Amino acid sequence: HIKRTGNRNAVLINDISVAIPPRKFVALVGGSGAGKSTLMNALNGIRPAQSGVVLYNGQDYYRHLAAFSTQLGYVPQDDIIHRDLSVERALYYAAKLRLPNDFTARQIKERINEVLEDVEMKHRRHLLISKLSGGQRKRVSIALELLAKPSVFFLDEPTSGLDPGLDRKMMLLLRKLADKGHTIVLVTHATNNINACDYVCFLCQGGRLAYYGPPNEAKTYFGKTDFAEIYSALEPTDENPNAPAEAETRFKQSPDYGRYVIEPLQQGPAGRVNPDAQTAQIKQPKRGNPWKQFFLLSMRYLELILNDRVNLAILLLQAPIIGLILYALIANATFAPSSIATCFAHQSIATNSGPIVITPCQQVVATIQASGASNGDQLLNQSIGPGSGGDAQKILFIMAFAAVMFGCINGAREIVKEVAIYQRERTVNLGIAPYLFSKIFILGIFSLVQSFILVFLVNLKEPLSQLDGNSILFPAFIEIYISMALTALAGLMTGLLISAIVPNNDRAMSLVPLPLLPQVIFAGVIFSLDKPPFLQVLGAFFAARWSMAAMGSTVGLHGDKLGADGFSYVGMLFTKIDQNSAHAGAAFHLILCWIVLTLMIVVQGFIIAWLLKRKDVRR
């Protein structure tokens, strides 16, 4: 007596009762929108019924979901396999994730051989799944589910899109699995090979049960010679809009209903339960060991990346290409202290006479110190020319933007492209944290390497070591790399966040420019964020802003000379006459920038985890 309604109280399952004996092959058939997948999802607990009871071996399935999670196999319409793994490797990772921890390597290998034999795919075990035909990929999906030896096997239109020959092969394969002891529940539109089933369940509009019993007897019951004619007979027409309701009433009053539904239910545990009871709250299955899952998922993900040659090339070539362009663009002495802070003073500083010429800032500092002027810091700042450090600022801005872009592109497709696989593994035992951290760990390594390549090539052309005397906490190279690495990781989390939001790959890539353009606007380089004041608040949400503030402070940029806002740069290069007095403020500013970038990474991580939780098929 299971029932389910949808939006606007539309009836999806209308008080359906069936009894599925063990080791039988059952097909759920009917027209589009008849409720086939809804019924199957109520039986397997993915979308539980709102009332009624689903019993497995006499136990309320919804109350004991964790106990049954490994005993049920489920193959949805979408492929639940990684196409860039070989057949054998895909099965290996699935076995390591799903099978009990005490399975040895030898037992896992034997189990893989068994399921490949069951689905007749041993001769394709070393091929990449992407090179298989549609029917072969579906067989691999079935093999994946067979690893845990499920008692009941649900398949949602596994023959969809297959030619008649492959359709027949798939149905015979499922027939063979049922004969080996599995209970098979299949949703299908194709009825050419429906005779391979033990039972057929005909549904009609409104989630109504029109027939349940052996397929050969269905033709007799409906008085039709072909299953296609039964479809037509169950559809409402202008002459008979109540055809589905009439078909349901007729079946419930027929001897077949008593023979194949009522009697089996009364003889089993279902006869002793309250049919009108509300379904119990779904209990989630117990998750596997998080560290083991993290290691396996990381290894699998790395293998997937290495097998995807095009994506791997993009990951490996992004940084060198941008780095070489920067190498060619950087002018000599771009990061020299005299270029970042170019001082102007009278030719004779001592007498304050003669034409104003470029003068080493250190000489200006010495003269001011000798004079004992109380406004020495102000005089030093006035002597630094407008536009000082402009070339360095441009290079740093390109580096900061590239770091965000690398991370964002790296992560933008990595969750959405395997959402069907994620959802299936979640219904078994996959934890969100191991899954998410495996992505962050592998892609994070690529982001860190990309950042290092970029900083290395810039340093190769214009050594950052010439700034070491004026860097804040560490040598300039290390400070710049830390800022770049945090920026790239923040960009990576933004990419993964996009991937967790969007419904498909195409939408992911089309959304990538959306967070990138504001990085340019709010970096504080092209536009000052001082006016209006709310720009500072908006800028705080973008990694490029904090990246530029950190790297600009490291090299000693003077924001007031570059038209930047007052917050942007707090460095140590000729900011005060007594350089030691500038250290505390510069260190605080740099650490603040790093902390904010780290917070961006962490906060986005929590949001992604929440979005992944929202993708659970059982919530």
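Note that the coordinates shown come from a computational prediction; the quantities given were computed from them, not determined experimentally. (Residues numbered from 1 in each chain as written. Predicted model: local features only at pLDDT ≥ 70, side-chain atom pairs only at ≥ 80, totals over all residues. Heavy atoms only, no water.)

Peer 1: Which residues make up the overall build of the chain, and what values do they have?
Peer 2: Scanning the chain for helices and strands turns up 24 helices and twelve strands. Its C-alpha atoms give the chain a radius of gyration of 34 Å, more than 25% over the compact-globule value 25 Å for 619 residues. Overall size of the chain, expressed as C-alpha extent along the three principal axes, is 120 × 50 × 40 Å. A burial count over the chain gives 53% of its 619 residues as buried. By sequence separation, contacts in the chain at least 24 residues apart represent 73% of the contacts at least 6 residues apart. Working note: accessible area of the chain is about 27,500 Å², and carbon and sulfur atoms make up 58% of it. Each charge sign in the chain was given a centre, from 58 positive and 46 negative side chains, and these centres are 4 Å apart. (Helix = DSSP H or I, 4+ residues; strand = E, 2+ residues; numbered from the N terminus. Rg over C-alpha atoms; globule rule 2.2 N^0.38 Å. Buried < 20%, exposed > 50% of the residue type's maximum accessible area, 1.4 Å probe, protein only. Contact = heavy atoms within 4.5 Å. Areas by Shrake-Rupley, 256 points an atom, 1.4 Å probe, with all protein chains shown as cover. Lys, Arg positive; Asp, Glu negative; His and termini not counted. Charge placed at Lys NZ, Arg CZ, Asp CG, Glu CD.)

Peer 1: Can you tell me about the packing of aromatic side chains, naming the residues and giving the values?
Peer 2: Applying the stated criterion to the full structure yields 22 aromatic pairs. Ring centres 6.2 Å apart and planes at 75 degrees place the aromatic pair Y199 and Y260 in the edge-to-face group. Of the two residues, Y199 is situated in strand β9 (residues 199–204) and Y260 in helix α10 (residues 255–267); the sequence distance between them amounts to 61 residues. Residue Y199 shares its accessibility class with Y260, and that shared class is buried. (Phe/Tyr/Trp six-rings, centres within 6.5 Å; stacked < 30°, edge-to-face > 60°.)

Peer 1: Quick one: what's the story with the sheet that holds strand β6 (residues 72–75), residue by residue and with numbers?
Peer 2: On the basis of which strands lie adjacent, the open sheet formed by six strands has the order β6-β7-β8-β3-β9-β10 and mixed pairing. Edge strands, defined here as strands with exactly one partner in the open sheet, are β6 and β10 (208–213). Across this sheet, the average inter-strand angle for adjacent strands is 15 degrees, counted without regard to direction. The sheet contact formed by β9 and β10 spans five bridges and is antiparallel. Looking across to β10, one finds that F202 is bridged to Y211. (Pairing = 2+ DSSP bridges. Axes fitted to C-alpha atoms, helices over the stretch in contact; angles between N-to-C directions.)

Peer 1: Run through the packing of helix α16 (residues 390–411) against helix α23 (residues 543–555), naming residues and quoting values.
Peer 2: Close contact between α16 and α23 brings their axes to 9 Å; oriented N to C, the two are set at 140 degrees. Judged by the inter-axis angle, α16 sits oblique to α23. Considering how the two elements wind past one another, α16 and α23 form a crossing that is right-handed. Residues Q393, L396, F397, A400 and V404 of α16 lie in contact with α23, whose contacting residues are A543, A544, S547, M548, M551, G552 and V555. Counted by class, the contact of α16 with α23 contains nine nonpolar, three polar and no charged residues. (Parallel < 35°, antiparallel > 145°, perpendicular 65-115°, else oblique. Left-handed = near helix turned anticlockwise from the far one by under 90°. Nonpolar A, V, L, I, M, F, W, Y, C, P; charged D, E, K, R; others polar.)

Peer 1: Just give me the short version of the pattern of salt bridges, but keep the residues and values in it.
Peer 2: Here the structure, examined in full by the defined rule, presents 24 salt bridges. Across the pair E303 and R89 runs a salt bridge whose closest N-O atoms are separated by 3.1 Å. Linking E303 in helix α11 (residues 290–307) with R89 in helix α3 (residues 87–98), this pair joins segments that are 214 residues apart in sequence. Accessibility expressed as a relative area gives 18% for E303, which makes it buried. Residue class for R89 comes out partly exposed when judged on its relative accessible area of 30%. Taking the shortest distance from any N to any O, the salt bridge between K613 and D616 comes out at 3.3 Å. Since its relative accessible area comes to 36%, K613 is described here as partly exposed. Overlapping salt bridges, with partners in common, bring together D15, R208, E248 and K252 in one network. (Salt bridge = Lys/Arg side-chain N within 4 Å of Asp/Glu carboxyl O.)

Peer 1: Summarise the packing of α11 against helix α12 (residues 309–329); cite the residues concerned and give the values.
Peer 2: Look at α11 against α12: their axes get within 5 Å of each other, and the N-to-C directions meet at 95 degrees. The orientation of α11 with respect to α12, classified from their angle, is roughly perpendicular. Each of I305, L306 and N307 in α11 lies in contact with α12, whose residues at this interface are R309, L312 and L315. Looking at the contact of α11 with α12, its residues break down into four nonpolar, one polar and one charged.

Peer 1: Before we move on, could you go through unusual backbone geometry and cite the residues and values that matter?
Peer 2: Here N9, not a glycine, exhibits a phi torsion of approximately 60 degrees, which is positive. Note on placement: N9 falls in the loop between β1 (2–5) and β2 (11–16). Using a relative accessible area of 62% as the deciding quantity, one classes N9 as exposed. Its identity as a non-glycine residue notwithstanding, F574 has a phi of 55 degrees, on the positive side. Among the secondary structure elements, F574 is positioned in the loop between α23 and α24 (583–614). Exposure remark for F574: the relative accessible area of 16% places this residue in the buried category.

Peer 1: Any details on the state of the cysteines? Residues and values, ideally.
Peer 2: Under the criterion given, the structure shown has one disulfide. Between C343 and C361 runs a disulfide, and the two sulfur atoms are separated by 1.9 Å. Judged by the torsion about the S-S bond (105 degrees), the C343/C361 disulfide is right-handed. Of the two residues, C343 is situated in the loop between α13 (337–340) and β11 (344–348) and C361 in helix α14 (residues 361–371); the sequence distance between them amounts to 18 residues. Accessibility classification places C343 together with C361 in one group, the buried group. Here C201 stays free of any disulfide, with the sulfur of C204 as its closest cysteine sulfur at 10.0 Å. Take C204: its relative accessible area is 2%, and that puts it in the buried class. (Disulfide = S-S within 2.5 Å.)

Peer 1: Go over the pairing of β1 with me, naming the residues and quoting the values.
Peer 2: Because side chains alternate across β1, one face comprises the buried residues I2 and R4, and the other comprises K3 and T5, none of which is buried. Pairing analysis gives three bridges linking β1 to β2, with the strands arranged antiparallel. Considered in β2, the bridge of R4 is made with I13. Hairpin connection of β1 to β2: five residues between the antiparallel strands, including R8 at a positive phi of 55 degrees.

Peer 1: Just give me the short version of helix α15 (residues 376–383), but keep the residues and values in it.
Peer 2: Buried residues of α15: G376, L380 and S383, and no others. Relative to the axis of α15, the buried residues are bounded by an arc of 65 degrees and lie together on one face. Elements that come into contact with the buried residues of α15 comprise β11 and α14. (Arc of directions from axis to C-beta.)

Peer 1: Any chance you could break down the nonpolar core for me, citing the residues and the numbers?
Peer 2: Counting residues in hydrophobic clusters, the biggest one holds 141 residues, and the most contacted among them are I142 and F202. Of the residues forming this core, the biggest block, twelve residues, is contributed by α24. (Core = buried A, V, L, I, M, F, W, Y, C linked by side-chain atoms within 4.5 Å.)

Peer 1: Kindly report on helix α17 (residues 419–428), identifying the contributing residues and their values.
Peer 2: The buried fraction of α17 is high, at eight of ten residues. When α17 is considered as a whole, its buried residues turn out to be A420, I421, Y422, R424, E425, R426, T427 and V428.

Peer 1: So what's going on with the side chain of H589? Which residues, and what values?
Peer 2: Mapped onto the elements, H589 comes out in helix α24. A residue is classified by how much of its surface remains accessible, and H589, at 4% relative accessible area, is buried. Here S568 takes part through its backbone oxygen, which lies 3.0 Å from a polar atom of the side chain of H589. Aside from chain neighbours lying at most four places away, what touches H589 is A549, S553, F567, S568, Y569 and V570. (Polar contact = N/O pair within 3.5 Å; in protein donor to acceptor, adjacent residues only side chain to side chain.)

Peer 1: A description of the environment of M299 should follow, citing residues and the corresponding values.
Peer 2: In this fold, M299 is placed in helix α11. Here M299 falls in the partly exposed class, since its relative accessible area comes to 38%. When the C-alpha atoms of M299 and L166 are compared, they prove to be 34 Å apart, with 133 residues separating the residues in sequence.

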